[in-house]
Amino acid sequence: MVFELTEEQKAVRDAARDFAQTELLPGVIERDEEQRFPAEQVKKMGELGFLGMMVDPKYNGGGMDTVSYVLAMEEISKVDASASVVMSVNNSLVCWGLEKFGTEEQKQKYLTRLATGEVIGAFCLSEPEAGSDATSQRTTAEDKGDYYLLNGTKNWITNGSSASVYLVMAQTDPEKGHKGINCLIVEKGMEGFTIGNKENKMGIRGSDTHSLMFSDVKVPKENRIGENGFGFKFAMATLNGGRIGIASQALGIASGALELAVNYSKERKAFGKPIAEHQGVSFKLADMATKVEAARMLCLKAAWLKDQGRDFSKASAMAKLYAAESAMEIATEAVQIHGGYGYVKEYHVERLMRDAKITQIYEGTSEIQKIVISRELLK
């Protein structure tokens, strides 16, 4: 086994770290408090190639491997998880799905702009009564010959108002169940497409999360991804890769919380010495560091398997499960180590703790990951 990164991968990691520290850190507390989308920062992410990292260069992408993507996601998530979730959705769910399954015309029309960040995308699966259950789509896409008539509501959509391109799952043939679902490319501004109010969230508050409403939206047939009824398979394949992105986000939150806790514990003194030298704190740091490293190895393994063209379903679910659980534990411990200072915004760890919680919920809850893992084990 070779655990050493290539020079190219190190360069990507270092570029992401520099961007996070110089562009994302200034103002991150204010953006969180004001629930302000990091529009300027996201634009720069696109210019630097962070929004289409794995896309083929012929479609304006970076042509990078998934390992590089994980490294960049970790560094950006250490500082601003609201920015990194935009990066995750655009890379893992939207760009990857379009490049893997879209037609050449769809790639030229949409992917070339998504990969550069000229526009950003949204992945629309969750509904008011169908969160992680992709088979229970109540949004309908009625076949009208040369177009679909789209009706329904989507909930919890990341990039809900900032996106211009939306991948929407909808039921065309209810009698066929999940085999009757299609994925349609919907553009902002289509008649009958409206965006609901922004959700007031506990964490990743800079990310814009909205409900979307579709009322007799005419979507051209050429905007369907794949053959008729391919939507469910599209969603499952895309979410499989999306788990790597969210696992990497959780890893970044965890490693960011650890770094802050280590630095603070070396500066803060109690009973005549830095608190890091007290066993109660040093043992906490040791446990936190071990969990961060374990999460990192799981994320990198899942990414490596994906890059090798091998089955990464179990690995990505394990990475997402463990990294999310660890992020919550480590961020909580970081607040504890900071004591009273951990409870105030200027020390950052309270925001990381709030951000960590969502990684246990979206892209399928921890319980969903356990279902995926157990199914793979029992095959």
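Above this note sits the structure.
Q: Is there a simple way to think about the overall build of the protein chain in this case?
A: When helices and strands are counted, the protein chain shows 11 helices and 10 strands. Summarising its shape, the C-alpha atoms of the protein chain cover approximately 80 × 45 × 40 Å along the three principal directions. Among the 379 residues that make up the protein chain, the fraction classed as buried is 55%. Partitioning the intrachain contacts of the protein chain with sequence separation of at least 6 by distance along the chain shows that 73% fall at a separation of at least 24. Summed over all atoms, the accessible surface of the protein chain reaches about 16,700 Å², with 52% contributed by carbon and sulfur.

Q: I tried to follow the packing of helix α7 (residues 231–267) against helix α10 (residues 349–359) on my own but got confused; where do I start?
A: When two helices pack together, their arrangement is given by the angle between the helix axes and the distance between those axes. Between α7 and α10, whose axes approach to 10 Å, the crossing angle comes to 155 degrees. In terms of their interaxial angle, α7 and α10 are classed as roughly antiparallel. Both α7 and α10 take part in a crossing whose hand is left-handed. In this structure, α7 uses Ile246, Gln249, Ala250, Ile253, Gly256, Ala257 and Leu260 to contact α10, whose residues at the interface are Val349, Leu352, Asp355, Ala356 and Thr359. In the contact of α7 with α10, the residues fall into eight nonpolar, three polar and one charged.

Q: Which parts of the structure should I look at to understand the pairing of strand β2 (residues 140–143)?
A: Remark: a regular strand shows side chains that alternate across the two faces of the sheet. Pairing of β2 with strand β3 (residues 147–158), which is carried by four bridges, proceeds in the antiparallel orientation. Paired with threonine 140 across the two strands is asparagine 151, which belongs to β3.

Q: Could you clarify how one ought to interpret a nonpolar patch on the surface in this entry?
A: On the surface, a nonpolar cluster with roughly 430 Å² of combined accessible area is contributed by Met1, Phe3 and Met297. With respect to the helices and strands, the residue phenylalanine 3 is situated in the segment before α1 (7–24).

Q: It is not clear to me how the packing of aromatic side chains should be interpreted in this structure. Could you clarify?
A: The description of an aromatic ring pair uses the distance of the two centres, along with the angle that the planes make with each other. Under the criterion given, the structure shown has 10 aromatic pairs. For the pair tyrosine 341 and tyrosine 347, a centre-to-centre distance of 5.1 Å together with 45 degrees between the ring planes defines the contact as tilted. When its relative accessible area of 38% is taken as the criterion, tyrosine 341 is described as partly exposed. Judged by relative accessible area, tyrosine 347 falls into the partly exposed class, the value being 26%. Members of the aromatic cluster, each reached through a chain of ring pairs, are Trp96, Phe101, Phe123, Phe230 and Phe234. One cation-aromatic arrangement involves lysine 221 over tyrosine 148; the distance from NZ or CZ to the ring centre is 5.2 Å.

Q: Would you explain the pattern of salt bridges in this entry?
A: Going through the model one piece at a time under the given rule, you end up with 24 salt bridges. In this structure, the salt-bridge partner of lysine 221 is aspartate 143, at a minimum N-O distance of 3.0 Å. Residue lysine 221 is found in the loop between β7 (209–220) and β8 (224–225), and its partner aspartate 143 is found in strand β2; the two are separated by 78 residues along the sequence. Residues joined in a network through salt bridges with shared partners are Arg13, Asp14, Arg17, Glu75, Lys78 and Glu259.

Basis of the calculations
Residues numbered from 1 in each chain as written. Predicted model: local features only at pLDDT ≥ 70, side-chain atom pairs only at ≥ 80, totals over all residues. Heavy atoms only, no water. Helix = DSSP H or I, 4+ residues; strand = E, 2+ residues; numbered from the N terminus. Buried < 20%, exposed > 50% of the residue type's maximum accessible area, 1.4 Å probe, protein only. Contact = heavy atoms within 4.5 Å. Areas by Shrake-Rupley, 256 points an atom, 1.4 Å probe, with all protein chains shown as cover. Axes fitted to C-alpha atoms, helices over the stretch in contact; angles between N-to-C directions. Parallel < 35°, antiparallel > 145°, perpendicular 65-115°, else oblique. Left-handed = near helix turned anticlockwise from the far one by under 90°. Nonpolar A, V, L, I, M, F, W, Y, C, P; charged D, E, K, R; others polar. Pairing = 2+ DSSP bridges. Patch = residues over 30% accessible without salt bridge, like charges linked within 9 Å, V, L, I, M, F, W, Y side chains within 5 Å. Salt bridge = Lys/Arg side-chain N within 4 Å of Asp/Glu carboxyl O. Phe/Tyr/Trp six-rings, centres within 6.5 Å; stacked < 30°, edge-to-face > 60°. Lys NZ or Arg CZ within 6 Å of the ring centre and 35° of its normal.

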